[in-house]
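Secondary and tertiary structure notes
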Amino acid sequence: MAHPTASAPSDPDPHSAPLPATADIVIIGGGVIGASIAFHLAEAGAGRVLLLERDLPASGSSGKPLGGVRAQFSDPLNIRLGVRSLAAWRDFARRPGADIGLDSVGYLFLLGDEAERDTFARGVAIQNAHGVPSRLITPRAARDLCPYVDPGTLVAAAYSPTDGYATPQAAVAGYLRAARRLGATVRTRCPVTAIDTADGHLQAVRTPHGAVRTPTVICCAGAWSAEVGALAGVTLPVTPLRRQIAFTGPLSPRPPRIPFTLDYASTLYFHNDGADGLLVGLSDPAQQPGYAREFSREWLTPFRAAAARRAPALADLPVTGGWAGLYEMTPDRNALIGEAPHPGRFLYATGFSGHGFLQAPAVGEIVRDLYLRREPFLDVGPLAATRFDGRPATRPEAHII
């Protein structure tokens with residue numbers, strides 16, 4: 001399969017078509033979250049859906065993720081989002097109808113001490129209670145799954161065979177193609193520059209190509225969501241943070257098929273890239289917040305040090321290139337999903353802190369139901385942006401890379 005950032009065939013860019021004068025719902029952001037919401041709303045016959053993207057679909061965070069899909073989390077809410085989404089990813093070829101290159105290789109978390117093992121043991125118990133077939137395994141079993149791992153540096157590992165990765169750009173294209181087929185309108189290269197309100201209600205969104213009257217806005221602008229929220233007077237505590245990955249290029253001998261492997265302590269991660277090489281990465285602790293998206297190599301120094309400890313064969317592998325993308329971080333590293341108390345109706349789904357792609361199908365369902373004032377399959381009240389109002393940030397989710 002192509003690695004998860006490979007370009008996928010897309011529909012002709014419709015940016016030159018005129019904007020409609022009115023819409024029932026305006027979605028701001030054409031990444032995987034906005035695309036999923038557009039599809040779910042159009043499928044439900046929710047009204048005239050207009051999605052506005054400042055650049056091209058999947059050109060922001062959705063164009064540069066690892067493509068991982070998993071349900072290995074510590075918080076039941078995130079586990080349920082992952083389980084629901086995994087089922088949708090497996091069914092994606094039928095609904096909405098696209099090949100996303102899903103490869104269920106599993107996720108393998110490497111655990112270097114007893115405290116990490118205990119943290120993941122608690123997570124596995126909660127995951128199992130929600131139907132996730134994860135388990136703790138021995139260091140030797142981890143080495144059997146991933147020959148690069150040095151078992152002598154581990155006390156255990158956590159593995160779930162139903163996790164894996166897919167192609168984000170193909171997923172965005174598939175969702176948008178189906179949404180258009182169902183009547184939604186997509187306009188690209190069309191940034192929102194202002195949001196008009198009056199008497200506590202939304203009136204219109206403004207763009208360089210004209211204004212659209214609408215009573216409902218859904219913000220899915222990823223790393224740019226704080227600015228979009230501010231246009232409507234809504235506080236969305238989202239901070240952009242650069243994350244980088246690199247590619248080894250084809251290796252000889254060809255790498256074995258391995259799980260998506262992550263070292264919990266260092267955040268080292270790697271998996272097959274679909275081109276006889278490996279994709280490698282690390283969440284650089286020295287990275288400062290900001291919108292920088294150029295690829296640089298300084299993070300390879302801590303990556304190689306972490307690899308020397310956990311997977312020594314990776315420490316000196318060549319790097320042929322890579323890319324940088326933006327995480328949309330919140331203070332507690334959990335998403336923001338909900339509807340603002342004012343102005344009505346401003347909904348949002350953002351701040352996924354690296355988990356947006358894997359949670360996108362479930363989030364599309366939830367936001368559809370919030371808009372239709374139906375009870376979603378999951379209470380996302382704990383993910384409301386107002387949870388930070390005058391309160392310190394908490395971090396209930398332990399399984400963060």
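Up top is the structure.
Quick caveat: nothing in here was measured; it's all calculated off a predicted structure.

Scoring rules and cut-offs
- Residues numbered from 1 in each chain as written.
- Predicted model: local features only at pLDDT ≥ 70, side-chain atom pairs only at ≥ 80, totals over all residues.
- Heavy atoms only, no water.
- Salt bridge = Lys/Arg side-chain N within 4 Å of Asp/Glu carboxyl O.
- Helix = DSSP H or I, 4+ residues; strand = E, 2+ residues; numbered from the N terminus.
- Buried < 20%, exposed > 50% of the residue type's maximum accessible area, 1.4 Å probe, protein only.
- Pairing = 2+ DSSP bridges.
- Axes fitted to C-alpha atoms, helices over the stretch in contact; angles between N-to-C directions.
- Contact = heavy atoms within 4.5 Å.
- Phe/Tyr/Trp six-rings, centres within 6.5 Å; stacked < 30°, edge-to-face > 60°.
- Lys NZ or Arg CZ within 6 Å of the ring centre and 35° of its normal.
- Arc of directions from axis to C-beta.

Here the idea is simple: oppositely charged side chains can pair when their charged atoms come close. Here the structure, examined in full by the defined rule, presents 15 salt bridges. Between Asp103 and Arg257 there is a salt bridge whose closest N-O contact spans 2.4 Å. Taken together, the positions of Asp103 in the loop between α2 (76–90) and β4 (107–111) and Arg257 in the loop between β13 (239–247) and β14 (260–263) put the pair 154 residues apart, joining distant regions of the chain. Residue Asp103 is classed as buried on the basis of its relative accessible area of 15%. Where Asp369 meets Arg374, a salt bridge forms, and the shortest distance between an N and an O atom there is 2.8 Å.

What follows deals with the sheet that holds strand β10 (residues 201–207). Whether parallel or antiparallel, the strands of a sheet pair through hydrogen bonds between backbone atoms. Spatially, β9-β10-β11 is the arrangement adopted by the three strands of the open sheet, whose pairing is antiparallel. This sheet does not close on itself; its edge strands, each paired only once, are β9 (194–198) and β11 (210–213). Strand-to-strand twist across the sheet, computed as the mean angle between neighbouring axes with direction ignored, equals 25°. Bridge count for β9 against β10 is five bridges, and the pairing is antiparallel. For Ile195, the partnering residue across the bridge sits in β10 and is Val205.

Overall, mixed pairing links the six strands, which are arranged β8-β2-β1-β12-β19-β18 in an open sheet. Each edge of the open sheet carries a strand with a single partner, namely β8 (185–187) and β18 (336–339). Taking each pair of neighbouring strands and ignoring which way they run, the sheet shows an average axis angle of 15°. Pairing analysis gives three bridges linking strand β2 (residues 49–52) to β8, with the strands arranged parallel. From the neighbouring strand, Leu50 faces β8, where its bridge partner is Thr185. Docked against the sheet, helix α8 (residues 356–371) engages β1 (25–28), β12 (217–219), β18 and β19 (346–350), running at close to 15° with respect to β18.

The next subject is the packing of aromatic side chains. A complete count under the given rule lists 14 aromatic pairs for this structure. Considering the side-chain rings of Trp299 and Phe303, the 6.0 Å spacing of their centres and the 70° angle between planes classify their relative orientation as edge-to-face. Accessibility expressed as a relative area gives 1% for Trp299, which makes it buried. The rings of Tyr107, Phe109, Phe120, Tyr165, Phe260, Tyr264 and Tyr269 are connected pair by pair, giving a single aromatic cluster. Lying across the ring of Phe73, Arg70 places its NZ or CZ 4.2 Å from the centre.

What follows covers helix α7 (residues 300–310). Structurally, the α-helix is built with 3.6 residues per turn, so residues lying three or four positions apart point the same way. Buried residues of α7: Leu300, Phe303, Ala306, Ala307 and Arg310, and no others. Buried residues of α7, seen end-on, are gathered within an arc of 125° and therefore sit on one face of the element. In this structure, the buried residues of α7 make contact with β4, β13, β14, β15 (269–272) and β16 (278–281).

Time to look at the environment of Pro215. Relative to the assigned elements, Pro215 resides in the loop between β11 and β12. For Pro215 and Ala171, which are 44 residues apart along the polypeptide, the C-alpha to C-alpha distance reads 28 Å. Leave out the neighbours within four places in its chain, and Pro215 touches Ala23, Asp24, Leu202, Gly344 and Arg345.

Quick look at the pairing of β15 now. Sheet topology note: the β14/β15 ladder contains two bridges and is antiparallel. Of the residues in β15, the one forming a bridge with Thr261 is Phe270. Hairpin connection, β14 to β15: the antiparallel pair is bridged by five residues, and Thr267 has positive phi, about 70°. Pairing of β15 with β16 involves four bridges; the strand directions are antiparallel. Each residue of the ladder has a partner; that of Tyr269, found in β16, is Gly281. Hairpin connection of β15 to β16: five residues between the antiparallel strands, including Gly274 at a positive phi of 80°.

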